[in-house]
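# Secondary and tertiary structure notes
The residues making up each chain are set out below.
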Amino acid sequence: MRADSLIILDFETTGLSPDIGDRAIEIGAVRLEGGEVVDKFQALMNPGFQVSRFIADYTGITNAMLADALSCEEVMHEFANFIQGSNLIAHNASFDKRFLDAELARIGRHYDGEFSCSLLVSRRVFQDAISHKLGELVKYTRVKSNGEFHRALYDSEMTAKVWLAMLDDIGERYGAFDLSFEQIKTLAKTPKKSVGKLLAGWGSA
DNA sequence: TGCCAGGCCCTCTTTAGGGCCTT
């Protein structure tokens, strides 16, 4: 595992759960090293059935676009190669992890990284934010955006910028820099009221 | 921008209910 390589990923899907037949239709991801985006991955994928009007409207991904796309199986083999050796971040990671696990299980592939969640971390670091939706966090952190949300690569890029803004905020407020992935995972499950003490302790260590 | 599912988190809680997030 490369401690300095972190992949922020985002799926667009046909619905909310692979347990009821939903499939991935797009994957986007950026690789962060040393606080910089050093690589990107984006691909539409054909789920083998028509997506609903709601999903087409929500994502802008139409059935015509998917008709020319590679299959989920072909794309996910490429993506499995892309993420090997890196830890993973997603906004509301429980959602993306379910789809990643389901799509990789279909092709017999595995990944060796661990997940953490930018939503859970943001609820702890930005406790005064009115909302922790990705779009609202982009405004809160004053990240530049053209508003093209709900496409996988764009959302992964915005998540990466919010993620870096959170790390900057932790550094500025607590003097805690270069947190390890294990520290991030600890932060993501620490009770909100204990977060200040935890980060102050890391800052003075 | 949904009614689907599921994890997190809060509270008028824990033998539960409902809002927040993700598509």
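This text goes with the structure placed above it.
Along each chain, residues carry numbers from 1 onward, in the same order as the chain's sequence is written. Labels follow written order: the first chain is A, the first ligand is 1, and so on. In view of the model being predicted, local features appear only for residues whose pLDDT reaches at least 70, and side-chain atom pairs are presented and counted only at 80 or more, with totals across whole chains, interfaces and linings using the full set of residues. Excluding hydrogens and water, the side-chain values take into account all heavy atoms of the structure.

### Considering the overall build of chain A
- Looking only at helices and strands, chain A features 9 helices and 5 strands.
- The numbering of helices and of strands both runs from the N terminus, where a helix is a DSSP run of H or I of at least 4 residues and a strand a run of E of at least 2. When the helices and strands of chain A are listed from N to C terminus, the series reads β-β-β-α-α-α-β-α-β-α-α-α-α-α.
- Radius of gyration here is computed from C-alpha atoms only, and the compact-globule reference equals 2.2 Å multiplied by the residue count raised to the power 0.38. Computed over the C-alpha atoms, the radius of gyration of chain A is 17 Å, within 12% of the 17 Å expected from 2.2 N^0.38 for a compact globule of 205 residues.
- The dimensions of chain A, computed from C-alpha atoms along their principal axes, are 55 × 35 × 30 Å.
- About 10300 Å² of surface is accessible on chain A, with carbon and sulfur atoms providing 50% of the total.
- Only four residue types enter the charge count: Lys and Arg as positive, Asp and Glu as negative, with His and the chain ends excluded. A charge is said to be at NZ when it belongs to Lys, at CZ for Arg, at CG for Asp and at CD for Glu. Distance from the positive charge centre (23 side chains) to the negative charge centre (29 side chains) of chain A: 7 Å. Accessible surface area values rest on a Shrake-Rupley calculation with a 1.4 Å probe, where residue burial reflects the displayed protein chains alone.

### Observations concerning helix α3 (residues 72–83)
- A helix is expected to span 1.5 Å for every residue after the first. An ideal rise of 1.5 Å per residue puts 16 Å on 12 residues; α3 measures up with 16 Å between its terminal C-alpha atoms.
- Whether a residue is buried, partly exposed or exposed follows from its accessible area with a 1.4 Å probe, protein chains only, as a fraction of its type maximum: under 20%, in between, or over 50%, in that order. Among the residues of α3, Cys72, Val75, Met76, Phe79, Ala80, Phe82 and Ile83 are the ones counted as buried. Angularly, the buried residues of α3 cover 155° about the axis, an arc narrow enough to put them on a single face.
- Any pair of residues with heavy atoms lying within 4.5 Å of one another is described as a contacting pair. Elements in contact with the buried residues of α3: β1 (5–13), β2 (24–33), β3 (36–44), β4 (87–90) and α4 (93–107).
- Looking one or two residues beyond α3, the residue adopting positive phi is glycine 85, at roughly 85°. Relevant arc is that of directions from the helix axis to the C-beta atoms, nothing else.

### Details of the sheet that holds β1
- The sheet built from 5 strands is open, its strands ordered β3-β2-β1-β4-β5 with mixed pairing. Where the open sheet ends on each side, the last strands, each with one partner, are β3 and β5 (115–117). Adjacent strand axes in the sheet meet at a mean angle of 25°, parallel and antiparallel pairs treated alike.
- A fitted line through C-alpha atoms represents every axis, and for helices the fit uses only the stretch in contact; the resulting angles, taken between N-to-C directions, go from 0 to 180 degrees. Across the face of the sheet, helix α5 (residues 118–125) comes into contact with β4 and β5 while running at roughly 40° to β5.
- Together, β1, β4 and β5 form the strand contacts of helix α8 (residues 181–188), whose direction differs from that of β5 by roughly 45°. A pair of strands is labelled paired if DSSP reports no fewer than 2 bridges between them.

### What to know about the environment of isoleucine 184
- With respect to the secondary-structure elements, isoleucine 184 resides in helix α8.
- With residues near it in sequence (within four places) discarded, isoleucine 184 still touches Ser116, Val121, Trp163, Leu167 and Leu179.

### Comments concerning the protein's contact with DNA strand B
- The immediate surroundings of DNA strand B are formed by 29 residues, with Glu12, Phe54, Tyr58, Arg124 and His132 found nearest.
- Identification of polar contacts relies on pairs of N or O atoms within 3.5 Å, with a donor-acceptor requirement for protein atoms, meaning one able to donate a hydrogen and the other able to accept it, and with residues adjacent in sequence counted only if both atoms are side-chain atoms. Between arginine 123 and DNA strand B, the recorded distance is 3.5 Å, taken from a side-chain N or O atom to a base oxygen.
- Contributions of two or more residues to the surface near DNA strand B are made by β1, α1 (53–59), α4 and α5.
- A per-element tally of the surface near DNA strand B places α1 first, with 5 residues.
- Each residue gets one of three labels, nonpolar for Ala, Val, Leu, Ile, Met, Phe, Trp, Tyr, Cys and Pro, charged for Asp, Glu, Lys and Arg, and polar for the others, Gly among them. Across the surface near DNA strand B, the residue classes break down as 9 nonpolar, 10 polar and 10 charged. Here a residue is near a molecule or strand as soon as one of its heavy atoms is found within 4 Å of it.

### Observations concerning the pattern of salt bridges
- Definition used for salt bridges: Asp or Glu carboxyl oxygen within 4 Å of a side-chain nitrogen of Lys or Arg. Following the criterion strictly, the structure yields 8 salt bridges and no others.
- The partner of arginine 23 in a salt bridge is glutamate 103, and the shortest N-O contact between them spans 2.8 Å. Taken together, the positions of arginine 23 in the loop between β1 and β2 and glutamate 103 in helix α4 put the pair 80 residues apart, joining distant regions of the chain.
- With a closest N to O distance of 2.7 Å, arginine 173 and aspartate 169 form a salt bridge. Of this pair, arginine 173 and aspartate 169 both sit in helix α7 (residues 152–174), separated by 4 residues, roughly a single helical turn.
- Assessed through its relative accessible area of 19%, aspartate 169 is described here as buried.

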